[in-house]
Amino acid sequence: VVDDPEIIEEWLDVLNFTMAEVSHYAALASWNYVTNITKYNTEFLSNVSMLSGNYGLEMKDEARKIVQDNLDFRSRRMLKFALRGGELRDGHKRRLLQVTTNKMQTIYSVGKVCPPDQPAGSTEGCLALEPDVVNIMANTRDYDELLRVWVGWRDAVGPKIGKLYPTYVELKTEAAKIGGYESHTDILLEKYEDPTFEQEVDDLWQQVKPMYLQLHSYVRRKLAAQYGDDKVDVRAPIPAHLLGNMWAQQWNNIYDIVEPFPNQGTIDVTDKMKEEGWTITKMFQVANNFFKSLGLEEMPPTFWSKSMLEKPTDREVVCHGSAHDFSEYNDVRIKMCTEVNMEDLNTVHHEMGHCEYYLQYNKQPVILRGGANPGFHEAVGDTIALSVVTPDYLHQIGLLDSNKIDKSQEINYLMEVALNKIAFLPFGLLIDKWRWQVFRGDITPQQYNEKWWELREEYQGLSPPVERTSSDFDPGAKYHIPSGTPYIRYFVSFLVQFQFHEALCKAANNEGPLHLCNVYNSKEAGAKLKSMLEMGMSRPWPDAMETMTGAPNMDTSAIKEYFRPLMEWLEEENDGELIGWGKELRIFHQ
Ligand SMILES: C[C@H](NC(=O)O)C(=O)O
Ligand SMILES: [Zn+2]
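Residues numbered from 1 in each chain as written. Chains lettered and ligands numbered in written order. Predicted model: local features only at pLDDT ≥ 70, side-chain atom pairs only at ≥ 80, totals over all residues. Heavy atoms only, no water.

J.: Quick question: what am I supposed to make of the overall build of the protein chain here?
T.: Helices and strands together make up the secondary structure of the protein chain, namely 22 helices and eight strands. In terms of overall dimensions, the protein chain is globule-like: its C-alpha atoms have a radius of gyration of 24 Å, near the 25 Å expected for 590 residues. On the principal axes, the C-alpha backbone points of the protein chain span a range of 70 × 60 × 50 Å. Counting only residues that meet the buried cut, the protein chain has 57% of its 590 residues in that class. Considering only residue pairs separated by 6 or more positions, the protein chain has 76% of its internal contacts joining residues 24 or more positions apart. (Helix = DSSP H or I, 4+ residues; strand = E, 2+ residues; numbered from the N terminus. Rg over C-alpha atoms; globule rule 2.2 N^0.38 Å. Buried < 20%, exposed > 50% of the residue type's maximum accessible area, 1.4 Å probe, protein only. Contact = heavy atoms within 4.5 Å.)

J.: Looking at this structure, I do not really get the environment of Asp-401. What am I missing?
T.: Tracing the sequence through the fold places Asp-401 in the loop between helix H15 (391-396) and helix H16 (407-421). On a C-alpha basis, the gap between Asp-401 and Lys-272 in space is 9.9 Å, while along the polypeptide they are 129 residues apart.

J.: So what exactly am I meant to see when it comes to helix H17 (residues 424-439) here?
T.: In an α-helix there are 3.6 residues to a turn, and that puts residues three or four apart on one side. Here H17 spans 24 Å end to end across 16 residues, near enough to the 22 Å set by a 1.5 Å rise per residue. The buried fraction of H17 amounts to 15 of the 16 residues, a majority that puts the element mostly inside the structure. Phi for Gly-441, located one or two positions after H17, is positive at around 80°. (Expected span 1.5 Å × (residues − 1).)

J.: Please clarify how the side chain of Gln-364 should be interpreted in this entry.
T.: Position of Gln-364 relative to the elements: it lies in the loop between helix H13 (342-360) and helix H14 (374-388). Ignoring sequence-local partners within four residues, the contact set of Gln-364 consists of Arg-74, Arg-369, Glu-534, Met-535 and Ser-538.

J.: Would you take a moment to explain the packing of helix H1 (residues 5-34) against helix H2 (residues 39-63) for this structure?
T.: The relative placement of two packed helices is expressed as an angle between their axes plus a distance between the axes. Relative orientation of the contacting elements H1 and H2 amounts to 165°, with a least axis distance of 9 Å. Classified by the angle between their axes, H1 and H2 sit roughly antiparallel to one another. Every pair of crossing elements has a handedness; the one defined by H1 and H2 is left-handed. On H2, the residues touching Trp-11, Leu-15, Thr-18, Met-19, Val-22, Tyr-25, Ala-26, Ala-29, Ser-30, Asn-32 and Tyr-33 of H1 are Asn-41, Thr-42, Phe-44, Leu-45, Val-48, Ser-52, Tyr-55, Met-59, Glu-62 and Ala-63. Counted by class, the contact of H1 with H2 contains 14 nonpolar, six polar and one charged residues. (Axes fitted to C-alpha atoms, helices over the stretch in contact; angles between N-to-C directions. Parallel < 35°, antiparallel > 145°, perpendicular 65-115°, else oblique. Left-handed = near helix turned anticlockwise from the far one by under 90°. Nonpolar A, V, L, I, M, F, W, Y, C, P; charged D, E, K, R; others polar.)

J.: Help me out: how do you make sense of the environment of Thr-313 in this one?
T.: Among the structural elements, Thr-313 can be located in the loop between helix H12 (301-306) and strand E4 (322-325). Residues Thr-313 and Ala-418 lie 105 residues apart in sequence; the distance between their C-alpha atoms is 35 Å.

J.: In this structure, what is going on with a negative patch on the surface? I would like to understand it.
T.: Taken together, the side chains of Glu-6, Glu-9, Glu-10, Asp-13 and Asp-72 present a region of like negative charge at the surface. With respect to the helices, strands and loops of the structure, Glu-9 is situated in helix H1. With a relative accessible area of 36%, Glu-9 lands in the partly exposed category. (Patch = residues over 30% accessible without salt bridge, like charges linked within 9 Å, V, L, I, M, F, W, Y side chains within 5 Å. Areas by Shrake-Rupley, 256 points an atom, 1.4 Å probe, with all protein chains shown as cover. Salt bridge = Lys/Arg side-chain N within 4 Å of Asp/Glu carboxyl O. Lys, Arg positive; Asp, Glu negative; His and termini not counted. Charge placed at Lys NZ, Arg CZ, Asp CG, Glu CD.)

J.: So what exactly am I meant to see when it comes to the state of the cysteines here?
T.: What makes a disulfide is a covalent bond joining the sulfur atoms belonging to two cysteines. Using the criterion set out here, one finds three disulfides in the structure. A sulfur-sulfur distance of 2.0 Å marks the disulfide that ties Cys-114 to Cys-126. For the disulfide bridge between Cys-114 and Cys-126, the dihedral angle about the S-S bond is near 110°, and by the sign convention the bridge is right-handed. One end of the pair, Cys-114, is in the loop between strand E1 (112-113) and strand E2 (127-128); the other, Cys-126, is in the loop between E1 and E2, and 12 residues separate them in sequence. Cys-114 gets classed as partly exposed once you look at its relative accessible area, which sits at 30%. Two residues share a disulfide in this structure: Cys-319 and Cys-337, whose sulfurs sit 1.9 Å from each other. (Disulfide = S-S within 2.5 Å.)

J.: It is not clear to me how the coordination of the zinc ion (ligand 2) should be interpreted in this structure. Could you clarify?
T.: When four donors bind a metal tetrahedrally, each ideal donor-metal-donor angle is 109.5 degrees, and when six bind octahedrally, the ideal angles are 90 or 180 degrees. Within the protein, the zinc ion (ligand 2) binds to His-350 (NE2), His-354 (NE2) and Glu-378 (OE); these donor distances fall in the range 1.9 to 2.2 Å. Here the donor residues of the zinc ion (ligand 2) share one chain and are spaced in sequence as H-x3-H-x23-E. One end of the pair, His-354, is in helix H13; the other, Glu-378, is in helix H14, and 24 residues separate them in sequence. Neither residue differs from the other here; His-354 and Glu-378 are each classed as buried. (Donors = N, O, S within 2.8 Å, 3.2 Å for Na, K, Ca; no water.)

Structure (structure tokens):
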């Protein structure tokens with residue numbers, strides 16, 4: 001037992017140094033694997049993960065000996081984090097968990113959708129998820145072609161991942177129990193340091209659900225008009241393959257089908273980006289310039305020389321966009337199979353927001369480097385992107401001919417943003433609703449798929465376009481399940497980013513409405529954001545929220561204020577029409 005403050009401070013210093021080293025090598029091994037999926041890099045990642053796991057166990061055993069009573073807040077917080085998490089002591093089980101996770105991620109990342117009656121073993125004519133299959137889902141308006149790739153992708157990766165998932169769940173459960181937790185779900189929730197967090201997210205969803213129902217009702221009618229009443233029944237959930245996205249998580253790609261006021265010029269600037277000859281590098285330079293304009297850190301030279309900003313042609317990679325913190329030498333990178341379009345312009349800012357956060361909290365001890373909560377980390381880039389997509393800024397960077405918009409163009413603009421942000425909310429909630437139940441043992445392997453679709457209908461008002469059975473594993477068709485990346489962070493982000501946007505607009509003395517506010521070049525907005533980012537996870541997230549907004553809690557008033565003009569318009573449009581589905585189906589009256 002150690003209770004000498006001198007020795008404890010010394011231990012914490014050594015912890016910080018060794019954690020930086022171990023995290024650096026773990027990040028490098030992971031980087032090598034995700035940017036070049038080879039047998040060697042996969043095994044190398046497994047080996048390094050085993051080593052960093054050994055270090056973690058030793059560090060935890062030492063931390064347990066430390067008496068925390070007369071330590072200051074900061075040291076106690078560092079020790080709290082040091083003692084967190086699951087714990088597998090058995091080397092074989094730890095390796096099995098690592099290998100199983102790598103296998104699921106690899107199956108997903110190399111998955112291909114092949115033409116019908118493809119000879120076994122040949123990849124002739126097969127399509128990768130990014131960019132090929134994603135582009136079909138975004139651009140084709142052929143019901144059956146959409147169905148083919150929607151089913152094809154799930155067939156390609158679902159069952160194989162589904163076979164591995166129960167082992168993954170068992171091992172995570174054993175690690176949690178040895179670590180002193182009821183289930184792995186408690187480890188996931190622990191990051192929010194909030195005993196009522198599950199109740200809070202349910203309450204927040206109830207507050208924004210009416211907005212989602214308005215959008216869903218309107219979009220369903222437009223899809224019925226597009227594909228016919230025999231394909232889309234306005235009294236029923238929407239077939240899940242018609243929303244322009246493989247997971248129906250964001251609906252921007254069907255903007256043309258749902259556009260409120262046609263021929264008014266659109267703020268979907270994909271075509272303009274291509275006409276203007278935008279390159280992938282330019283997209284990242286524009287994003288970098290926005291952060292610089294706020295007085296924040298620019299991406300360092302190694303970001304440009306070491307990132308992977310487009311899909312390589314000579315190897316398999318994990319295409320799903322990600323940002324990487326190497327914990328040393330100011331080395332931050334992005335890996336992304338970028339395409340020149342508006343959706344990816346948003347994602348570029350999203351990923352760079354992670355890098356900005358890494359750069360801002362790198363003065364913190366390694367163990368305090370992280371988002372105030374994981375939702376904050378997902379919200380930084382998206383908050384900036386809320387300024388980027390405004391007519392004012394798009395005009396400034398030459399993607400819109402004018403920054404003036406009339407009433408109908410304003411509704412069009414809000415619809416574009418709502419298809420990204422409002423559509424996403426139930427999806428952001430249901431993924432971990434499913435996973436929390438799986439890790440608690442409330443959903444068995446036999447029930448994986450049927451419970452998934454129950455949640456998809458309950459929250460999103462979607463239905464599978466064809467019969468799904470328990471031999472399918474549709475959760476596995478979404479990156480975050482095979483990769484083990486938690487998801488409630490995005491639900492949190494899609495709410496708090498509007499609070500952050502409002503706070504930055506206030507700091508920038510913005511006069512106009514929230515949805516037209518663009519904080520580009522505002523050093524006051526930058527200073528406000530910086531004051532929160534540099535905290536990392538050194539304080540509980542309500543303190544970080546208070547630094548940003550003046551109040552400590554998540555709050556839906558900002559997102560409601562942002563979309564108010566659109567909601568008024570939608571309630572007009574939906575007056576007398578069917579809204580909701582299942583037992584909540586009703587006629588809407590203003
Ligand atoms: C919203 C989430 N973003 C991310 O993974 O970066 C997703 O793509 O599903
Ligand atoms: Zn992210």
